[in-house]
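# Remarks on the overall topology
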Amino acid sequence: MDTRPKVSSLLSRLANYTNLTQGAKEHEEAENITEGKKKPTKTMLTAISMSAIATNGVVPAGGSYFMISRALGPEFGGAVGLCFYLGTTFAAAMYILGAIEIFLVYIVPRAAIFQSDDALKESAAMLNNMRVYGTAFLVLMVLVVFIGVRYVNKFASLFLACVIVSILAIYAGAIKSSFAPPHFPVCMLGNRTLSSRHIDVCSKTKEVNNMTVPSKLWGFFCNSSQFFNATCDEYFVHNNVTSIQGIPGLASGVITENLWSNYLPKGEIIEKPSAKSSEVLGSLNHEYVLVDITTSFTLLVGIFFPSVTGIMAGSNRSGDLKDAQKSIPIGTILAILTTSFVYLSNVVLFGACIEGVVLRDKFGDAVKGNLVVGTLSWPSPWVIVIGSFFSTCGAGLQSLTGAPRLLQAIAKDNIIPFLRVFGHSKANGEPTWALLLTAAIAELGILIASLDLVAPILSMFFLMCYLFVNLACALQTLLRTPNWRPRFRYYHWALSFMGMSICLALMFISSWYYAIVAMVIAGMIYKYIEYQGAEKEWGDGIRGLSLSAARFALLRLEEGPPHTKNWRPQLLVLLKLDEDLHVKHPRLLTFASQLKAGKGLTIVGSVIVGNFLENYGEALAAEQTIKHLMEAEKVKGFSQLVVAAKLREGISHLIQSCGLGGMKHNTVVMGWPNGWRQSEDARAWKTFIGTVRVTTAAHLALLVAKNISFFPSNVEQFSEGNIDVWWIVHDGGMLMLLPFLLKQHKVWRKCSIRIFTVAQLEDNSIQMKKDLATFLYHLRIEAEVEVVEMHDSDISAYTYERTLMMEQRSQMLRHMRLSKTERDREAQLVKDRNSMLRLTSIGSDEDDETETYQEKVHMTWTKDKYMASRGQKAKSMEGFQDLLNMRPDQSNVRRMHTAVKLNEVIVNKSHEAKLVLLNMPGPPRNPEGDENYMEFLEVLTEGLERVLLVRGGGSEVITIYS
């Protein structure tokens, strides 16, 4: 029965989709309030990117987090989302501290609980007052938010009205100042600004009872309060005390002095450039108004930026908006345009109406602490005071409303397990637990109490969020994903990149060390989410970028085979499954993971015998079993399962077709068929030999692990021991490379490498050992070398391959003793020879062809030696063929002399080795000798605990050159 939904019901569900949480329908009302209060022109680029993302589908709760996570993946989304959450939460603390400062300084100064007459302790007392009142304000605001977002919306309307009235009052005051500027005197000594907090009159003297007496100002600059016998400051003597108008008005032309920047260092006296002044310096007096901090463009950007971080206020509450796709772009862009006009116009008006010395006076020392903007406004300074107070309160409420919803969205996605509890909400949809955590974090910001300490890290978190919003939009645009179809058309990837670059630049311009701290925090969150394995498939842009990068890399790999220096084992691990679809020998995968210090490709393959149509479900289950085992063994790679009518055919298909393009396996890893002698079913070992033949035909390297169940697990670590390599024939360097790669893993790291090579009695064993040691030195491999002498008849099974390949090995060793000139001349010959000559199967059909090649490239062979070797080869081949075919009358006589003799030597030398690696001869040409071949390998490795039979793929895998 088809359970898919009808088209009509599907369309009905999509049309009536709502992103509001259950029980939150009341949140739809009163959503026409401002999206945010403070947004600058520079953030317009981010708003454009955000609008494009917001109109590319439904935006549920989470706003900016949802946009980034769905565009860049859970790791980036979670990291940036949490940082943005922290930024929004600390912003709430900053707004509350701003409201308390206005309350205690301008509205009710007497309400201060902590007071001090000592000027040095006065600031500490103020910070304590802000902590107490800030905590009280935070509790009240949290209660309002807890009751419901609709009450926040009602308060927001009141706060917005106060802000609008305040802005209009500033414009009205600026206009009024053009014809009736307010009385706002500033006392000057020459061109230097004086503090008015401790002086009675702005003059050196004053009239008291018709007598001229020194003023308080005289006492500050002279050592005596009497006119006679007083020593005064030189600058005080040579300059007059005057009073200027602090707010000369719009028509005064003061804008010409304020038009250009003039950054001053900390402690510099604030001066009016156009005022008259004597050239004398005088001494620094505490009655001057001084610059409180070294100013620069970057510093001012850092201070100003927190006031323009409201562009995400609307997107943070996307889950409460009726149509987020429509409301977010329109509301955000209009709010930015409006507030940008307000900011820029206010900057121009202040510069045109107010003296520069007053604008530079941060604490209002020159004007007795009065609020300069309040004095400029009309009809009363209280309009600005009340408007500023409610504006900061409203901004704090908006932050306390948006931040918990952002945290709830992150928690519901379950990408950070320990945050799961904060995904719960009460009946009306309010994120209660998230609100409590937000309040606790905001309280930390309030306890810091200093706005200057809170603001920089705040800016970093917001800028990081804006940066990734721009990156998300640019990435989606450049990748041209089919699902990228935003309704908002006025965007371009270049604008997004420009916005991203500006955000990154502003982070380091504002404060490079805070930028680094913010990035480290985000990086730690990213790695944590990645470590936890956030398996979320959201169709994000990073996945698309990975696909594009993989395609590009695969096409590049197609340009040619890898150089010897870049060769590494790309493994195809053949696993056998039991009747319950469980892996029979999981230690084979463990061994592969230990060998993967080469960081190459790993494909884990297996075969199910049967019909694909009937066994498709079993194939999927088996593939999942293999994937779970790979995860448990920490093997990073791919799994591929084939359903075939015959096991040998399935394995052949895997060997032929696994991989893609240039990213294909070059090495096959398989286990030895244990108990093949006792098994009545010969298919197991015949399948093994068939796999060896297919691997050889494909020119792939082969690794056969015998006694795989005795191989160590990843938690076992050998504290000592040896990895023994028996180098009987040259295999392209596989025997040298494998132990080096194994030692990169912690299990084998403390083992030593020993290399044994077999020499004939007529060989110079001492010189051969020196040559091999030199060869290993140039290979940069540390190993102990030992040469074992054996009679030629004792290794007759290897004779054919030895005739072809042992001489190549000897040539490589002799090559190390050549002079540099000779080595350069013969290097290309050795390389050509090694690349063409491969390991030939014993008794294969290519004997004659290889003979001809040896005759052409014998290098150091004499003709007499070559003819003798041909005769030796014919003799040994005749004996070996008899060995493999095993005529009945010879079976008890021969008993595989070669295997026994070699096994005796190997067991004698390597019986305590942790792992023994030795050359694996190829299978016989005649299938009738297959069983004898298996017997030969069995006897050869008897008495050894762990054995790895190695057969090279016919190409060089290691080089002495850099």
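Our subject in this report is the structure included herewith. Here the structure is a predicted model, which is why all the values come from computation and not from measurement.

Of the consecutive residues Trp378 and Pro379, the connecting peptide bond is found in the cis state with omega at 15°. Note on placement: Pro379 falls in the loop between helix H14 (372–376) and helix H15 (381–412). At Asn414, a position not held by glycine, the phi torsion is positive, near 60°. Turning to its location among the elements, Asn414 is positioned in the loop between H15 and helix H16 (432–448).

Applying the stated rule across the entire model yields two disulfides. Along the chain, the cysteines that take part in disulfide bonds pair up as 1-2, 3-4, counted in sequence order. Between Cys162, a cysteine without a disulfide, and Cys393, which holds the nearest cysteine sulfur, the sulfur-to-sulfur distance is 9.8 Å. The exposure class of Cys162 is buried, given its relative accessible area of 16%. For Cys393, a relative accessible area of 7% puts it in the buried group.

Two elements in contact, helix H6 (residues 149–177) and H15, have axes separated by 8 Å at closest approach and are oriented at 145°. Both H6 and H15 take part in a crossing whose hand is left-handed. Where H6 approaches H15, its residues Val149, Val152, Phe155, Ala156, Phe159, Cys162, Val163, Val165, Ser166, Ala169 and Ile170 are matched on the opposing element by Val383, Ile384, Gly387, Ser388, Phe390, Ser391, Cys393, Gly394, Leu397, Gln398, Thr401 and Arg405. For the contact of H6 with H15, a count of residues per class yields 15 nonpolar, seven polar and one charged.

Before going further, it helps to spend a moment on the packing of aromatic side chains. With the rule as written, the count across this model stands at 26 aromatic pairs. Measuring from ring centre to ring centre gives 5.4 Å for Phe591 and Phe711, while their planes differ by 85°; the resulting arrangement is edge-to-face. Residue Phe591 is found in helix H20 (residues 587–595), and its partner Phe711 is found in the loop between strand E10 (701–706) and strand E11 (722–727); the two are separated by 120 residues along the sequence. The pair formed by Phe591 and Phe711 is uniform in burial state, with each residue classed as buried. Ring pairs connect the aromatic residues Phe103, Tyr133, Phe137, Phe155, Phe159, Phe389 and Phe390, which therefore count as one cluster. Sitting above the plane of the Tyr235 ring, Arg192 keeps its charged end 3.7 Å from the centroid. Geometry around Phe236 places Lys204 over its ring, the cationic atom sitting 4.6 Å from the centre.

With that settled, the discussion passes to the sheet that holds strand E2 (residues 192–193). Strands belonging to one sheet form pairs held by backbone hydrogen bonds; the direction of such a pair is parallel or antiparallel. Ordered in space as E2-E1-E5, the three strands form an open sheet in which the pairing is antiparallel. Sheet topology places E2 and strand E5 (241–245) at the edges, where each strand pairs with a single neighbour.

Assignment of secondary structure puts Glu633 in the loop between helix H21 (612–632) and strand E8 (638–644). No salt bridge forms around the buried Glu633; measuring N to O, its nearest opposite-charge neighbour Arg587 is 6.0 Å away. Apart from the residues lying within four places of it in its own chain, the contact partners of Glu633 are Thr590, Ser593 and Asn714.

Rules and cut-offs
Residues numbered from 1 in each chain as written. Predicted model: local features only at pLDDT ≥ 70, side-chain atom pairs only at ≥ 80, totals over all residues. Heavy atoms only, no water. Helix = DSSP H or I, 4+ residues; strand = E, 2+ residues; numbered from the N terminus. Disulfide = S-S within 2.5 Å. Buried < 20%, exposed > 50% of the residue type's maximum accessible area, 1.4 Å probe, protein only. Axes fitted to C-alpha atoms, helices over the stretch in contact; angles between N-to-C directions. Left-handed = near helix turned anticlockwise from the far one by under 90°. Contact = heavy atoms within 4.5 Å. Nonpolar A, V, L, I, M, F, W, Y, C, P; charged D, E, K, R; others polar. Phe/Tyr/Trp six-rings, centres within 6.5 Å; stacked < 30°, edge-to-face > 60°. Lys NZ or Arg CZ within 6 Å of the ring centre and 35° of its normal. Pairing = 2+ DSSP bridges. Lys, Arg positive; Asp, Glu negative; His and termini not counted. Salt bridge = Lys/Arg side-chain N within 4 Å of Asp/Glu carboxyl O.

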